[in-house]
Amino acid sequence: MMKKALPLACALLALAGAASAQEPVLNLYSARHYVTDEALYNNFTQATGIKINRVDADDAGILARLKAEGTASPADVILLVDGARLVKGEADGLFRPVQSKLLDDAIPAQFRAKAGPEGTPWFGFSTRARVIVYDKLKVKRDDVDTYEALGDPKNKGRLCIRSGSHPYNLSLFGAVTEHLGAAKAETWLKGMVDNMARAPKGGDTDQIKGVASGECGIAVTNTYYLARLMRSTNADDRAVAEKVGVVFPNQSSWGTHVNIAGGAMARNAPHQANAIKFLEYLASPAAQNYFANGNNEWPTAKGVKTDNPALQAMTGGEFKTETIPLATIGANQVKVQQMLDRVGFK
């Protein structure tokens, strides 16, 4: 009896393995390292039954991995947190254009790639502004109401900022280079180096805390880092936020630099239908509100209204944003990195 039962057991195991292999899955390469996004992914799985297998890395690491894997890549969807890197991924042929009326209708043209015959290569699902925070007791708001002021000698010894080569800064610097021209932008970057209170280190939250502690007078941050501190249940975090003022720079000129986080289908996606479902889900009101309230970002989808108290308190409503195309910002990044090297901006 045991000898007859063994082949039957093996057959059952084989069938179980086949069923498991056919389980709906989505292979996600994500640069969104936000704990709050776990609920976003879990909600998608609950709604669709599609299990998400996630690989986390930074934008550059994900693009490098896709190139190395080539046609053997298991990736279905790519999530990046920098518009210029989305543009680079498109230029390198790493994305498969998507044809989706839902996405085209939901995401405004300025927040997605230009559509071609095969579809749209990538979509932006949330935005964040790169702003200046300052010590309200020691620094006048008017001394930091433009990005240019970061390199002005009047702010010598005040500036704290993360690495110049971080994607958030490369995109900001690429935008400023487009506004000022390369020669003036390099002078501006050298001025920032001269104004540093300490060598670049840490993330954006560290810069905010540096201002609150008195180590720095001014710093640069993405808005959602400040919003997290403002909305924190930790009294010490809220105390940090209360010590700093915030400026949305260049409201009287070209507007504040705004970057996007977005997604694309991988060029060799093995589960294309699931990939489109996931991208469409990210444009849904539920997911868009989660970007706003879970990670303090502004949603991009049309008609989505949010009531994030921290974002509202920062802006008082609306603010002027710059309108430089993301492709232009991305095209400036090699030039910017070379300028950073020349002026010693680490």
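### Observations regarding the nonpolar core
Side chains that are nonpolar tend, in soluble globular proteins, to be buried together. In terms of nonpolar packing, the biggest core is built from 46 residues, with I78, L80, F95, W122, V133, I208 and L226 touching the most fellow members. In this structure L80 touches A31, D59, I62, L63, R85, L86, F95, A261 and G262, once residues within four positions along its chain are discounted. Membership of the second largest hydrophobic core comes to 27 residues, among which are L28, L40, F44 and V77.

### Here we look at the packing of aromatic side chains
The description of an aromatic ring pair uses the distance of the two centres, along with the angle that the planes make with each other. The final tally for this structure, using the stated rule, is 11 aromatic pairs. With centroids separated by 4.5 Å and ring planes inclined at 50 degrees, the aromatic side chains of F248 and F319 adopt a geometry described as tilted. Linking F248 in the loop between strand 8 (244–247) and strand 9 (258–266) with F319 in the loop between helix 13 (309–315) and helix 14 (326–331), this pair joins segments that are 71 residues apart in sequence. When the centroid spacing of 6.2 Å and the interplanar angle of 35 degrees are considered together, the rings of F278 and Y281 count as tilted. Of the two residues, F278 and Y281 both sit in helix 11 (residues 272–282), three residues apart, roughly one turn of that helix. Neither residue differs from the other here; F278 and Y281 are each classed as buried. In this structure an aromatic cluster arises from ring pairing among Y41, F44, F278 and Y281.

### Let's talk about the pairing of strand 7 (residues 218–222)
Burial within strand 7 is extensive, with five of its five residues counted as buried. Residues I218, V220 and N222 line one face of strand 7 and the alternating positions A219 and T221 line the opposite face, and both faces are buried. Judged from the five bridges that link them, strand 5 (residues 123–135) and strand 7 form a sheet pairing that is antiparallel. Across the sheet, the residue bridging to Y134 is I218, located in strand 7.

### Here we look at the packing of helix 6 (residues 167–180) against helix 15 (residues 333–343)
Viewed as axis vectors pointing N to C, helix 6 and helix 15 meet at an angle of 100 degrees, and their least axial separation amounts to 9 Å. When the axis of helix 6 is compared with that of helix 15, the two are roughly perpendicular. When helix 6 is examined against helix 15, the residues L170, S171, F173, G174 and T177 are found in contact with a partner set consisting of Q333, K335, V336, Q337, M339 and L340. In the contact of helix 6 with helix 15, the residues fall into five nonpolar, five polar and one charged.

Cut-offs used in this document
- Residues numbered from 1 in each chain as written.
- Predicted model: local features only at pLDDT ≥ 70, side-chain atom pairs only at ≥ 80, totals over all residues.
- Heavy atoms only, no water.
- Core = buried A, V, L, I, M, F, W, Y, C linked by side-chain atoms within 4.5 Å.
- Buried < 20%, exposed > 50% of the residue type's maximum accessible area, 1.4 Å probe, protein only.
- Contact = heavy atoms within 4.5 Å.
- Phe/Tyr/Trp six-rings, centres within 6.5 Å; stacked < 30°, edge-to-face > 60°.
- Helix = DSSP H or I, 4+ residues; strand = E, 2+ residues; numbered from the N terminus.
- Pairing = 2+ DSSP bridges.
- Axes fitted to C-alpha atoms, helices over the stretch in contact; angles between N-to-C directions.
- Parallel < 35°, antiparallel > 145°, perpendicular 65-115°, else oblique.
- Nonpolar A, V, L, I, M, F, W, Y, C, P; charged D, E, K, R; others polar.

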